[in-house]
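Coordinate analysis (summary)
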Amino acid sequence: MEVQPKQPSIKGPADMFTGDVWFDVLAKGEEPSRLRVNAVHFAPGARTAWHTHAAGQTLHVTEGVGLVQSRGGDVVVMKPGDTVYTPPGEWHWHGAAPDHFMTHLAMWEAVGEGQGPETTWGEHISAEEYGTR
Ligand code: MN
């Protein structure tokens, strides 16, 4: 076994996120494992852009109040203890509510070589889509 010391937090890049988002990599499996676990911290109003995960994704809220939406669906509130599963290829976004911080664990799998990107990114979430205009 190996104790892995906490690594520095990483700022979420502006081409994938709106607002202040920081993540901590908790697990990054080495082959043959494809495990990926990040703790993602969103400031109030911060959110991902639209995106899909090749192998799906499970979110588990640990703090605050969050929002999540799949393309064509309603914006859904998520709270600590809630777990949200998004199947492979489904367009969605997730983030904090306008007036609350939110932290979730994000759990997904990398994909094998030649199977394309594990996450595909699209447009940012407008204020209208987010619900603040
Ligand atoms: Mn996602």
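Residues numbered from 1 in each chain as written. Predicted model: local features only at pLDDT ≥ 70, side-chain atom pairs only at ≥ 80, totals over all residues. Heavy atoms only, no water.

1. Structural notes on the nonpolar core
Residues V21, V40, F42, M78 and M102 are the most contacted members of the largest nonpolar core, which totals 15 residues. For this core, the secondary-structure elements that each account for two or more residues are β3 (21-28), β4 (35-42), β7 (57-64) and β12 (102-109). Element by element, the count of residues in this core is highest for β12, at three residues. Discounting chain neighbours no more than four positions away, the residues touching M78 are L59, V61, G64, V65, G66, L67, V68, V84, H94, M102 and H104. (Core = buried A, V, L, I, M, F, W, Y, C linked by side-chain atoms within 4.5 Å. Buried < 20%, exposed > 50% of the residue type's maximum accessible area, 1.4 Å probe, protein only. Helix = DSSP H or I, 4+ residues; strand = E, 2+ residues; numbered from the N terminus. Contact = heavy atoms within 4.5 Å.)

2. Side note on the coordination of the manganese ion
On the protein side, the manganese ion has H51 (NE2), H53 (NE2), Q57 (OE1), H92 (NE2) and H94 (NE2) as donor atoms, found 2.1 to 2.2 Å from it. Sequence positions of the donors to the manganese ion reduce to the motif H-x1-H-x3-Q-x34-H-x1-H. You can see Q57 sitting in strand β7 and its partner H94 sitting in strand β11 (residues 92-96), a full 37 residues away along the chain. The pair Q57 / H94 is uniform in exposure class, with both members buried. (Donors = N, O, S within 2.8 Å, 3.2 Å for Na, K, Ca; no water.)

3. As for the pairing of β4
Among the eight residues in β4, six count as buried, and that is most of the element. Pairing analysis gives seven bridges linking β3 to β4, with the strands arranged antiparallel. Paired with F23 across the strands is V40, a residue of β4. The antiparallel hairpin formed by β3 and β4 contains six residues in its connecting segment. (Pairing = 2+ DSSP bridges.)

4. Concerning the sheet that holds β4
The strand order across the open sheet formed by six strands is β1-β3-β4-β12-β7-β10, and the pairing between neighbours is antiparallel. The open sheet has two edge strands, β1 (10-11) and β10 (83-86), and neither has a second partner.

5. Points about the layout of surface pockets
Roughly 470 Å³ of volume is contained in the largest pocket. Looking at the largest pocket, it is lined by 22 residues, and the ones nearest its centre are F23, N38, W108, T119 and W121. Going through the elements one at a time, β3, β4, β6 (51-53), β12 and β13 (119-121) are the ones with two or more residues in the lining of the largest pocket. Looking at the lining of the largest pocket residue by residue, the class counts come to eleven nonpolar, eight polar and three charged. In this model, the second largest pocket occupies a volume close to 290 Å³. The residue makeup of the lining of the second largest pocket, split by class, is four nonpolar, three polar and five charged. (1 Å grid on protein atoms, 1.4 Å probe; cavity = no way out; pocket = protein on both sides within 12 Å on 5 of 7 lines; lining within 4 Å. Points joined across faces, edges and corners; volume = space filled by probe spheres on them. Nonpolar A, V, L, I, M, F, W, Y, C, P; charged D, E, K, R; others polar.)

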